[in-house]
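Residues per chain are reported as follows:
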Amino acid sequence: MKALEKQGFEVRQTKNGHYQVFKDGGFVTVLPGTPSDHRSLKNSMAYLRRAGFKR
């Protein structure tokens, strides 16, 4: 989450423990709050890379 914020993304935690990610006021993706679904995190990372996130 810190790396996202350093690169200009805004991260908001939802009531159910997930994280919504925004860039320049626009919605990018939702990050899972738990590691229960490994594909979910990989898919979210793909959306973040397309939005300009560098690991």
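Only a predicted model underlies this, so the values are computations on that prediction, with no experimental measurement involved.

Reading the values: rules and limits
- Residues numbered from 1 in each chain as written.
- Predicted model: local features only at pLDDT ≥ 70, side-chain atom pairs only at ≥ 80, totals over all residues.
- Heavy atoms only, no water.
- Phe/Tyr/Trp six-rings, centres within 6.5 Å; stacked < 30°, edge-to-face > 60°.
- Helix = DSSP H or I, 4+ residues; strand = E, 2+ residues; numbered from the N terminus.
- Buried < 20%, exposed > 50% of the residue type's maximum accessible area, 1.4 Å probe, protein only.
- Lys NZ or Arg CZ within 6 Å of the ring centre and 35° of its normal.
- Expected span 1.5 Å × (residues − 1).
- Contact = heavy atoms within 4.5 Å.
- Pairing = 2+ DSSP bridges.

S.K.: In this structure, what is going on with the packing of aromatic side chains? I would like to understand it.
M.R.: Each aromatic ring pair is described using two quantities: the centre-to-centre distance and the angle formed by the ring planes. Counted by the stated rule, this structure contains two aromatic pairs. Seen in terms of ring centroids, F9 and F53 are 6.2 Å apart; in terms of plane orientation they differ by 75°. Their pairing is edge-to-face. Note that F9 is positioned in strand β1 (residues 9-13) and F53 in the segment after α2 (38-50), a separation of 44 residues in sequence. As far as the burial class goes, F9 and F53 line up, both buried. Taking 5.7 Å as the distance between ring centres and 70° as the angle between the ring planes, the aromatic pair formed by F22 and F27 counts as edge-to-face. By relative accessible area, F22 is classed as buried at 11%. Between the NZ or CZ atom of R12 and the centre of the ring of F22, over which it lies, the distance is 4.1 Å. Against the face of F9 rests K23, its NZ or CZ located 4.5 Å from the ring centre.

S.K.: I would appreciate a short explanation of α2 in the present structure.
M.R.: Residues spaced three or four apart along an α-helix point in a common direction, a consequence of the helix completing one turn every 3.6 residues. For α2, built from 13 residues, the straight-helix expectation of 18 Å at 1.5 Å per residue is met to within 8% by its first-to-last C-alpha distance of 19 Å. Where the residues of α2 are buried, they touch α1 (2-6), β1, β2 (19-23) and β3 (26-31). Directly beyond the C-terminal end of α2, a positive phi value near 110° is found at G52.

S.K.: How do you make sense of the pairing of β3 when you look at a structure like this?
M.R.: Side-chain direction in a regular strand flips from residue to residue, so the side chains alternate between the two faces of the sheet. Bridging between β2 and β3 involves five bridges; their strand directions are antiparallel. Considered in β3, the bridge of K23 is made with G26.

S.K.: Quick question: what am I supposed to make of the pairing of β2 here?
M.R.: In terms of strand pairing, β1 meets β2 through five bridges, oriented antiparallel. In the strand pairing of β2, E10 is matched with F22. The antiparallel hairpin formed by β1 and β2 contains five residues in its connecting segment, where G17 sits at a positive phi of about 95°. Two successive antiparallel strands, β2 and β3, enclose a turn made up of two residues, where D24 displays a positive phi of approximately 55°.

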